[in-house]
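# Structural overview
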Amino acid sequence: MCGIVGYVGYKEVGPVLLDGLKRLEYRGYDSAGIAVRTSEGKIEIRKREGKLSQLTNELNGSAPRGTLGMGHTRWATHGAPNDVNAHPHTDESGRVVVIHNGIIENYAELREELKTRGHVFQSQTDTEIFAHLVEEEFAKRGNAGAVNFIDAVRAALKLVRGAYSFVVMDARVPDLIIGARHFSPLIVGVGENENLFASDIPALLEHTRKALIIQDGEVVALTHDAVRIFTLDGESVEREPFEVTWDVTSAEKGGYPTFFTKEIFEQPAALANALRGRVDTDGVHLPELDAIDFERIERAHIVACGTSYHAGLAAKLALEQWVRVPVNVEIASEYRYASPVVDGKTLLILITQSGETADTLACFRLAKERGAQTLALTNVVGSSITRGADAVIYLRVGPEIGVVATKTYTAQVALLELVALWWAIRNGRMTNDERRITLSTFLRLPDLVEATLGAEQQAKSLAEKLTAHRSAFFFGRGFGYVAALEGALKLKEVSYLHAEAYAAGELKHGPIAMLDPEIPVIAIATRSATLDKVVSNMQEVRARRAPVIAIATEGDTFIAQHADDVIYIPSAPEHLVPILALAPLQLLSYYVAVARGCDVDQPRNLAKSVTVE
Ligand code: F6R
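Residues numbered from 1 in each chain as written. Predicted model: local features only at pLDDT ≥ 70, side-chain atom pairs only at ≥ 80, totals over all residues. Heavy atoms only, no water.

What follows deals with the overall build of the protein chain. Counting its regular elements, the protein chain contains 18 helices and 27 strands. The C-alpha atoms of the protein chain give a radius of gyration of 26 Å, which matches the 25 Å a tight globule of 613 residues would have. Across the protein chain, contacts joining residues at least 24 apart in sequence account for 71% of those joining residues at least 6 apart. Within the structure as shown, the protein chain displays about 23,000 Å² of accessible surface, and the carbon and sulfur contribution to it stands at 48%. (Helix = DSSP H or I, 4+ residues; strand = E, 2+ residues; numbered from the N terminus. Rg over C-alpha atoms; globule rule 2.2 N^0.38 Å. Contact = heavy atoms within 4.5 Å. Areas by Shrake-Rupley, 256 points an atom, 1.4 Å probe, with all protein chains shown as cover.)

Next up, the structure:
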C-alpha cells in the first residue's frame, strides 16, 4: 500500500504534489518522492527516505517548477526503504518516469529478461522494471508522440502480472500523464483546466470534488483539459464523474469513523494482497523460504508478544497438525530470560508486525548466537527484525494506523498457516486431496472474511448488552481458543472492559467460580472435532446463569439452544477460525468501546511499537 498523486494543469505542481501526499501519508510513510516535468522538457526528481516531512523540509519551498508531475509516499514491499528505492523510478535515459502501488509478481523474470537486453537497474524495487518496459515499447513505436506513448504503456502493462496502480509520464510528451489500475486503487479528479490521479479521495479535495473511478484493467490518459479512458486493448470507455461529499478527515478514513473500523473492513483486501502470488491451485509459492535449510530443522520455536503471540498459537496448531514438527510458542519477554533449548536444529519464527518490538528482537539475537535459523514475519520492510534474519516474509497489508492490531493479525495467521502448508507439502505430508482442498480454502479466504463482516449490526446490538457488564469471559478449544484469546484482548484494549480468555476445558478448574449473571461468556463454538465438548462447557456456563454469546458455523442452528445469542460465520475448515471469528469480535469490541466513550484508534497506555523491555 502506497500513496500516489499525479497532476496536469496550470498550477505550480510541487505544492500540489506535496499537499496530496500529506493527505495520503496514512497509506505509507517510509519514503517519499516527486517528479516534475519542467518547461524545458526535463524530468526533475526529488526523493528521500523517511516521512514526507523529511522531503518537504529539504525542498524548503523550492520544489522543481512545472505544471506536470507525480508524487509517491511509499510502504515498501520490495527493497529496503531508502533513497534509491523511493519512487519515482525512471528508465536509464531518465525520460520515462513511473510511480507504483502494488506488487509485480513476475518482476524477477522481467528484470532478468531486461538485463539480458542491456538494461541497468538502480534500485531493488519491482517498480523500476516498468519504466524500462515502457521505454522499450515506446522506442519500438517511432515518434515520441502522445498516441505512441499511450500505446507503449498499454503494451508494457500486458507484460506485467500482479496488482498495480501506475502513473507514468515522459519528458518528451508535454501535457500528458497516464495512469493504470489492476487491483490497487487509483481515481481521477476532474478539474477545470486541470486533472489529477490519486490513490484516494483526500488528495483530490483541495482541487475538485468531481471524481471518477478507474476500473481494473483500464488505462487513463489525462491532459489539462481531457480525461480519456481505454481498455488494455485500446477500446475507449465512457464514464461520468461523481460528486464527492466527504470532508477531508472522513475521506482519510475511507468514510469510516475510525482507522480501527477502516482496518477491520479492509481485511478482505489486505488478505488478498498478503496471499497474492503466494498461493494458487498448484501450490504455495514462498521463495523467501529457500534461504532456510529445512533438512536441519528438528523443532520450531515461535516467539512473539501480544496479538502476534496469538497468531503464533494458531501457527503451532497448523504446523503440528500438518508438518508433525514439534513447536513451542513463547512470549518473547519470557523466552529471553528462560533457558530455551535453542540450537542449530531449531527454526526460530519471530512474529512482529512492527518489526521493532524490543523483547522479540532480544530473542532473535539470543537464538542467532546459538546457531538457530530465523524466519521473521513483519509488516515493515527494513525494520530491525529484517536485518540478519535468514528469511523474511512480509505481510504486505499496508500501514496499520490504529494502534490496536486488526489486519496485521489476520494476515499473520494466514501467512503462518501458509508456511505450515508449504512445509507439509515439501515434506510429502499431505495427500493430493488434502492439498487441493486446503489450497482452495486459502483462495476463498478473502471472500469468507468479507462474509463475516456482515455481522456488524448484530455486533452493534450485542455490544449494547455487554457494555453494562463489569467483565466478560471468552472461551474456545484448539483454533477456537486462539480466537477467544485475541477476541478478549481486543475487548480489553479498545473498551477497557475487563475480559479473560480460557481454554474451554479449563473453566471448571477454577475460573467457573467467577461466573454469575453479571459475567457474559463469549463461546467460540464453531464446527470442529471438539464442538460437542465446547457445547458441554456452554451448558456448564448457563447452569451458572451467565449469559452466553456464541460464535458458530452457519448451518449449526442447534447452537442457538445453548446460547442467548449466536453470531454465525461461514462454514470453513477449523484452521481458519482464528481469522473468521475475528471480524465479528473486533466489531463487538469496537461498539462496546464507542458505548463507553473510548478512543479506539489510540487507546490509553498503548503504543504501536513497543521498543522498551
Ligand atoms: C494488540 C497489539 C499488541 C502487539 C504487540 C506486539 O492489538 O497490537 O499486543 O501485538 O505489542 O507487537 P508487534 O507485533 O509489533 O511485535
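So, about the domain arrangement of the protein chain. Split by domain assignment, the protein chain resolves into domain 1 (3-250), domain 2 (257-430) and domain 3 (451-613). Here domain 1 and domain 3 have C-alpha centroids that lie 44 Å from each other. (Domains from an automatic or database assignment.)

What follows deals with the packing of helix H3 (residues 107-116) against helix H4 (residues 128-140). The N-to-C vectors of H3 and H4 enclose an angle of 50°; their axes lie 10 Å apart at closest approach. Classed by the angle they form, the pair H3 and H4 counts as oblique. Relative to H4, the crossing made by H3 is left-handed. Between H3 and H4, the residues in contact are Tyr107, Leu110, Arg111 and Leu114 and Ile129, His132, Leu133 and Glu136, respectively. For the contact of H3 with H4, the residue count by class is 5 nonpolar, 1 polar and 2 charged. (Axes fitted to C-alpha atoms, helices over the stretch in contact; angles between N-to-C directions. Parallel < 35°, antiparallel > 145°, perpendicular 65-115°, else oblique. Left-handed = near helix turned anticlockwise from the far one by under 90°. Nonpolar A, V, L, I, M, F, W, Y, C, P; charged D, E, K, R; others polar.)

This structure, assessed with the given rule, holds 30 salt bridges. With a closest N to O distance of 2.8 Å, Arg48 and Asp83 form a salt bridge. A residue pair is termed long-range when its members are at least 10 positions apart, and Arg48 in strand S3 (residues 43-49) and Asp83 in the loop between strand S4 (68-74) and strand S5 (89-90) qualify at 35 residues. Residue class for Arg48 comes out partly exposed when judged on its relative accessible area of 27%. With a closest N to O distance of 2.8 Å, Asp170 and Arg172 form a salt bridge. (Salt bridge = Lys/Arg side-chain N within 4 Å of Asp/Glu carboxyl O. Buried < 20%, exposed > 50% of the residue type's maximum accessible area, 1.4 Å probe, protein only.)

Moving on to the site of the ligand. Close contacts around the ligand come from 14 residues, with Ser308, Thr352, Ser354, Thr357 and Glu493 the closest. Thr352 places a polar side-chain atom, nitrogen or oxygen, 2.7 Å from an oxygen atom of the ligand. One of the backbone nitrogen or oxygen atoms of Gln353 is found 2.8 Å away from an oxygen atom of the ligand. Coverage of the ligand by the protein amounts to 91% of the 410 Å² it exposes when considered alone. Elements with a minimum of two residues in the shell around the ligand: helix H9 (306-322) and helix H15 (479-495). Among the elements that make up the shell around the ligand, the one with the highest residue count is H9 (3 residues). Each of two domains, domain 2 (257-430) and domain 3 (451-613), supplies a minimum of three residues to the shell around the ligand. (Near = heavy atom within 4 Å. Polar contact = N/O pair within 3.5 Å; in protein donor to acceptor, adjacent residues only side chain to side chain.)

To continue, consider the packing of aromatic side chains. One pass over the structure, following the stated rule, counts 10 aromatic pairs. Aromatic pair Tyr256 and Phe265: ring centres 5.2 Å apart, planes at 15°, arrangement stacked. Considering the side-chain rings of Phe260 and Tyr590, the 6.4 Å spacing of their centres and the 40° angle between planes classify their relative orientation as tilted. Note that Phe260 is positioned in helix H7 (residues 259-265) and Tyr590 in helix H18 (residues 582-595), a separation of 330 residues in sequence. Accessibility assignment for this pair places Phe260 and Tyr590 in one class, buried. Aromatic rings pair up to connect Phe130, Tyr164 and Phe166 into one cluster. One cation-aromatic arrangement involves Lys51 over Tyr29; the distance from NZ or CZ to the ring centre is 5.1 Å. Lying across the ring of Tyr496, Arg604 places its NZ or CZ 3.7 Å from the centre. (Phe/Tyr/Trp six-rings, centres within 6.5 Å; stacked < 30°, edge-to-face > 60°. Lys NZ or Arg CZ within 6 Å of the ring centre and 35° of its normal.)

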